Amino acid sequence: MANITLKGNPVATVGELPAKGTAAPSFSLVNKDLTETSMTDFSGKRIVLNIFPSLDTPVCAASVRRFNLEASSIPDTVVLCVSADLPFAHKRFCEVEGIENVVSLSVFRSPEFGNDYGVTMIDGPLKGILSRAVVIVDNQGKVIYAEQVPEITQEPDYEAALKAMV
């Protein structure tokens, strides 16, 4: 269980992020067009999982914008922005913001994703949704980077994540 905070107040997650060097748990999530998207759809590519609570918060929205600009320009890399938001919210956000270089995915049909990645918050006011984390999976399906952001209102360490990809 990871111990993080929300505005300084302790919050726990259901588990820990997958360890560096381990196989990334497989998943099937819902795309903004309501189709299922799985990890195998990106075989042979590096996968950046930008995991966060909700697009309707400034920090989450900022992380999607930043990864849309930065990580998406790295060859053979796909950025998956994952939250509990419904696919309709993902679609609206991407259209309004002009987000075209990331894949927005919802866990609404797949609560096991949060358990498998250790990011479902189990207490606090955001209980039941995902914490803020970044997991990078290499083209062989192994975790090469994992950051559980310690304070939910903080952005992830973009520089460290980008450095792990090169």
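Just above sits the structure.
Analysis parameters
- Residues numbered from 1 in each chain as written.
- Predicted model: local features only at pLDDT ≥ 70, side-chain atom pairs only at ≥ 80, totals over all residues.
- Heavy atoms only, no water.
- 1 Å grid on protein atoms, 1.4 Å probe; cavity = no way out; pocket = protein on both sides within 12 Å on 5 of 7 lines; lining within 4 Å.
- Points joined across faces, edges and corners; volume = space filled by probe spheres on them.
- Nonpolar A, V, L, I, M, F, W, Y, C, P; charged D, E, K, R; others polar.
- Pairing = 2+ DSSP bridges.
- Helix = DSSP H or I, 4+ residues; strand = E, 2+ residues; numbered from the N terminus.
- Axes fitted to C-alpha atoms, helices over the stretch in contact; angles between N-to-C directions.
- Buried < 20%, exposed > 50% of the residue type's maximum accessible area, 1.4 Å probe, protein only.
- Contact = heavy atoms within 4.5 Å.
- Core = buried A, V, L, I, M, F, W, Y, C linked by side-chain atoms within 4.5 Å.
- Polar contact = N/O pair within 3.5 Å; in protein donor to acceptor, adjacent residues only side chain to side chain.

So, on to the layout of surface pockets. When its volume is computed, the largest pocket comes out at roughly 160 Å³. Lining the largest pocket we find 13 residues, and of these Leu 6, Thr 57, Arg 132, Ile 152 and Thr 153 sit closest to its centre. Residue classes in the lining of the largest pocket are distributed as 8 nonpolar, 3 polar and 2 charged.

This paragraph deals with the sheet that holds strand E6 (residues 77–83). Across the sheet, which stays open at both edges, the 7 strands sit in the order E4-E3-E7-E6-E5-E8-E9 with mixed pairing between neighbours. Pairing within the sheet leaves two strands with one partner each, and these edge strands are strand E4 (36–38) and strand E9 (143–148). In this sheet, adjacent strand axes meet at a mean angle of 30° when their direction is disregarded.

Along the chain, Leu 130 falls in the loop between helix H3 (112–116) and strand E8 (133–137). On the accessibility criterion, Leu 130 (3% relative accessible area) is buried. As a C-alpha pair, Leu 130 and Leu 17 span 113 residues in sequence and 12 Å in three-dimensional space. Leave out the neighbours within four places in its chain, and Leu 130 touches Ile 51, Phe 52, Pro 53, Val 82, Ser 83, Ala 84, Val 107, Phe 113, Gly 114, Val 119, Thr 120 and Met 121.

So, on to the nonpolar core. Judged by nonpolar contacts, the single largest core of 23 residues is most densely connected at Leu 49, Ile 51, Leu 80, Val 82, Phe 113 and Tyr 117. Those elements giving two or more residues to this core turn out to be strand E5 (46–51), E6, strand E7 (103–106) and E8. If we skip the residues at most four places from it in the chain, Leu 49 touches Phe 27, Leu 80, Val 82, Tyr 117, Ala 133, Val 134 and Val 135. Counting 22 residues, the second largest nonpolar core, distinct from the first, contains Leu 55, Phe 67, Ile 136 and Met 165.

What follows covers the side chain of Ser 131. Examined against the element boundaries, Ser 131 turns out to sit in the loop between H3 and E8. Here Ser 131 falls in the buried class, since its relative accessible area comes to 0%. Polar side-chain contacts of Ser 131 include one of 3.1 Å to the side chain of Gln 148. If near-sequence neighbours (up to four positions away) are discounted, Ser 131 is found in contact with Ile 4, Thr 13, Ile 51, Phe 52, Pro 53, Val 119, Met 121 and Gln 148.

Attention now goes to unusual backbone geometry. If you check the backbone angles, Leu 34 has positive phi at about 70° while not being a glycine. Inspection of the secondary structure puts Leu 34 in the loop between strand E3 (28–31) and E4. The class for Leu 34 is partly exposed, based on a relative accessible area of 36%. For Asp 76, which is not glycine, the phi torsion reads 55° and is therefore positive. Positionally, Asp 76 belongs in the loop between helix H1 (58–69) and E6.

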